[in-house]
2 protein chains.
Amino acid sequence: MGKQIEIICVGNELLIGKILNTNAHWLAKRTTSLGMTVRRVTVVSDDIAEIATAVRESLKRKPKLIITTGGLGPTFDDKTLEGIAKALKRKLEVNEKALGMVREKYEAYVKQRKIERVELTPPRVKMAKLPERSKPLPNPVGTAPGVETKVSGTVLIALPGVPSEMEAIFEESIAPLIRKEAGVTVFFERSIFADGIMESVLAPLIDEVMHGKSYVYIKSHPKGQEKKPHLEVHFSTTANSHETARKCVDGAVTQLSQLIEENGGTIRRQSEKHEH
Amino acid sequence: MGKQIEIICVGNELLIGKILNTNAHWLAKRTTSLGMTVRRVTVVSDDIAEIATAVRESLKRKPKLIITTGGLGPTFDDKTLEGIAKALKRKLEVNEKALGMVREKYEAYVKQRKIERVELTPPRVKMAKLPERSKPLPNPVGTAPGVETKVSGTVLIALPGVPSEMEAIFEESIAPLIRKEAGVTVFFERSIFADGIMESVLAPLIDEVMHGKSYVYIKSHPKGQEKKPHLEVHFSTTANSHETARKCVDGAVTQLSQLIEENGGTIRRQSEKHEH
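Only a predicted model underlies this, so the values are computations on that prediction, with no experimental measurement involved.

Thresholds, definitions, all that
Numbering of residues starts from 1 in every chain and runs along the sequence as written. Chains and ligands are labelled by the order in which they are written, letters from A for the one and numbers from 1 for the other. The predicted nature of this model means local features are confined to residues of pLDDT at least 70 and side-chain atom pairs, given and counted, to a pLDDT of 80 or more, with totals for whole chains, interfaces and linings taken over all residues. Excluding hydrogens and water, the side-chain figures rest on all heavy atoms present in the structure. Space inside and on the surface of the protein is sampled on a 1 Å grid over the protein atoms alone, with a cavity defined as a set of points where a 1.4 Å probe fits but cannot get out and a pocket as an open set with protein on both sides within 12 Å along at least 5 of 7 lines; lining residues have an atom within 4 Å of a point. Grid points are joined across faces, edges and corners, and a volume is the space filled by probe spheres set on the points. Secondary structure elements are taken from DSSP: a helix is a run of H or I of four residues or more, a strand is a run of E of two residues or more, and numbering for both begins at the N terminus. In this classification, the charged set is Asp, Glu, Lys and Arg, the nonpolar set is Ala, Val, Leu, Ile, Met, Phe, Trp, Tyr, Cys and Pro, and all remaining amino acids, among them Gly, are polar. For Phe, Tyr and Trp, where Trp contributes only its six-membered ring, two rings pair if their centres lie within 6.5 Å, and the inter-plane angle classes them as stacked under 30 degrees, edge-to-face over 60, or tilted in between. Partly exposed residues are those whose accessible area sits between 20% and 50% of the maximum for their type, while under 20% is buried and over 50% is exposed, using a 1.4 Å probe and protein chains only. By this definition, two strands are paired if DSSP reports at least two bridges between them. Contacts are assigned to residue pairs with any non-hydrogen atoms lying within 4.5 Å of each other. In short, buried area is how much 1.4 Å probe accessible area vanishes from two parts on joining, totalled over both. One speaks of a salt bridge when a side-chain nitrogen belonging to Lys or Arg is within 4 Å of a carboxyl oxygen belonging to Asp or Glu. For this analysis, a polar contact is any N or O atom pair within 3.5 Å, provided that within protein one partner can donate a hydrogen and the other can accept it, and provided that sequence-adjacent residues contribute only side-chain to side-chain pairs.

A. The arrangement of empty space enclosed by the protein in detail. A full pass over the atoms with the stated rule returns six cavities of 30 Å³ or more. Considering only enclosed or pocket space, the largest cavity measures out at about 180 Å³ in volume. Lining the largest cavity are 15 residues, with Asn21(A), Ala24(A), Val43(A), Asn21(B) and Ala24(B) sitting closest to its centre. Taken together, the elements giving at least two residues each to the lining of the largest cavity come down to α2 (22-33) and β2 (37-44) of chain A together with α2 (22-33) and β2 (37-44) of chain B. Residues that form the lining of the largest cavity fall into these classes: eleven nonpolar, four polar and no charged. Approximately 50 Å³ is the volume attributed to the second largest cavity. Taken together, Asn12(A), Glu13(A), Ile16(A), Lys18(A), Tyr217(B), Lys219(B), His221(B), His234(B) and Ser236(B) form the lining of the second largest cavity. Going through the elements one at a time, α1 (12-15) of chain A together with β10 (217-222) and β11 (230-239) of chain B are the ones with two or more residues in the lining of the second largest cavity.

Pasting the structure below:
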């Protein structure tokens, strides 16, 4: 429970299917590998009320961490911080540290491009308007800083929607935070591929193995069709050490592989082990 | 309001970042092209309580349509219908029509593969256990039927997680339903690409154009970095006819292109028009 995270992605472009939600995928994979459990992903539009509602609902579930992506830029429809401020009933105010970060970026651009002095126009100042009592997080590759706010037991982080910026701020400021909090929990996963056994035959076998080793989560993913069965079977667990995690998963893989072969299936190949 | 849809994706594999949520992307694009507005996408785990909560929350927002993906198969962790039943306070019961569909599929497999008679084992019967007062939707490419349930003003549809099955049931049973309800609404979009103008300079220009033509939604997507600006500007609208929609978008494109050039930017190229 103490390691739960929720992801809230803000952006009309996600809701009209213009782009694939690779940010949610990256964050889910990355935070899972750091030992956290992603409880929910929510995608909402660039609308202050929608953002505020999603944040409030998420806070009620008391996750350790909420990460939002998108809506931090200079344009009128970048509304994430307004939405968060509304949810927390805090004002938006120019954060001097954030303004310093934005100013530095533009001064560097001016130098590079040898153009006239760049002013801090309202759209640029906008990127430094944070909810009260927030902390800006440096953006190593772009302009808009990330934002960190604490709300009772939850840390609420707002990251930009541009993947390279989102990932850079995550690695620089969020990953160390999670590692510090999470202790030594590791996530371990591997897959086997089974042919010649239907998913409906496999179902009770998985049940049997998971019943014995409930700390390993096993899930079958049909890759062919039920009539020409080709199944990926995915094993995952979290534990206090790599060794323990690997031992649990390997035990479950061995046991299920045997059961699959006893039921007429063949194990085609095993995927590489993934460690994080 | 009458054309809102919500998408609920069920699956631990999404929350651990094992797979990208291409189903949400496909459904968002497809339903938008049919004139609907996707209000929210929610991803939850294979957990009855989590699924039920997400469905109940979504129903409270009274969308016209809710589509769930995933969790209809034969395995123990396919729990979507249990979650829906819990949300609606209905029982799960074997639906004779659904059982007939499942039986037919297995009989066909038996014929094809010339193996011994396939029994309707509990995991197979499970795929025909629907919430009371539901209708099974034929699955043209897989085994588990889709499920349609009406709840006051909302149609709740459960689709399988395998993309080919999800898409096939959608095209056969859902698209005609939406077309019938939606009348002649069409969605129209196009993009232009601008170089040499910063997003923070573009922001008030977009504001100006959208203020004049609020029925066209304009959004900038930074492709380079703020310091070496390369921006995609995406225009979209819905209208009663292709002609109207195209005319609105083209007007906004012309107006904004002019403003961009007046501010030192260049329009690099225009994407093809997309019509649906």
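B. Main features of the packing of aromatic side chains. All names here are of chain A. In total, this model carries two aromatic pairs over all chains according to the counting rule given. When the ring of Trp-26 is compared with that of Phe-170, the centres are 5.3 Å apart and the planes differ by 90 degrees; the resulting orientation is edge-to-face. Of this pair, Trp-26 sits in helix α2 while Phe-170 sits in helix α7 (residues 163-182); the two residues are 144 residues apart in sequence, bridging distant segments of the chain. Exposure remark for Phe-170: the relative accessible area of 0% places this residue in the buried category.

C. Region of the structure containing the pairing of strand β3 (residues 65-69) of chain B. All names here are of chain B. Counting buried positions along β3 yields five of five residues, so the element is predominantly enclosed. Bridge count for strand β1 (residues 4-10) against β3 is five bridges, and the pairing is parallel. Paired with Ile-5 across the strands is Leu-65, a residue of β3. Sheet topology note: the β3/strand β8 (residues 154-159) ladder contains five bridges and is parallel. Paired with Thr-69 across the bridge in β8 is Leu-159.

D. Main features of the interface of chain A and chain B. Counting from both sides, the interface comprises 67 residues of chain A and, opposite them, 68 residues of chain B. Carbon and sulfur atoms make up 55% of the area that chain A and chain B hide from each other, which totals about 5600 Å². Here chain A is connected to chain B by twelve salt bridges. For Glu232(A), the salt bridge goes to Lys18(B), with nearest N and O atoms at 2.8 Å. At the junction of chain A with chain B, the criterion picks out 24 residue pairs in polar contact (both at pLDDT 80 or more). The element best represented in the side of chain A that touches chain B is helix α8 (residues 199-212) of chain A, accounting for eight residues. Summarising the sheet, β2(A) and β2(B) pair through three bridges and their orientation is antiparallel. Among the inter-strand pairings, Thr42(A) is bridged to a residue of β2(B), identified as Thr42(B).

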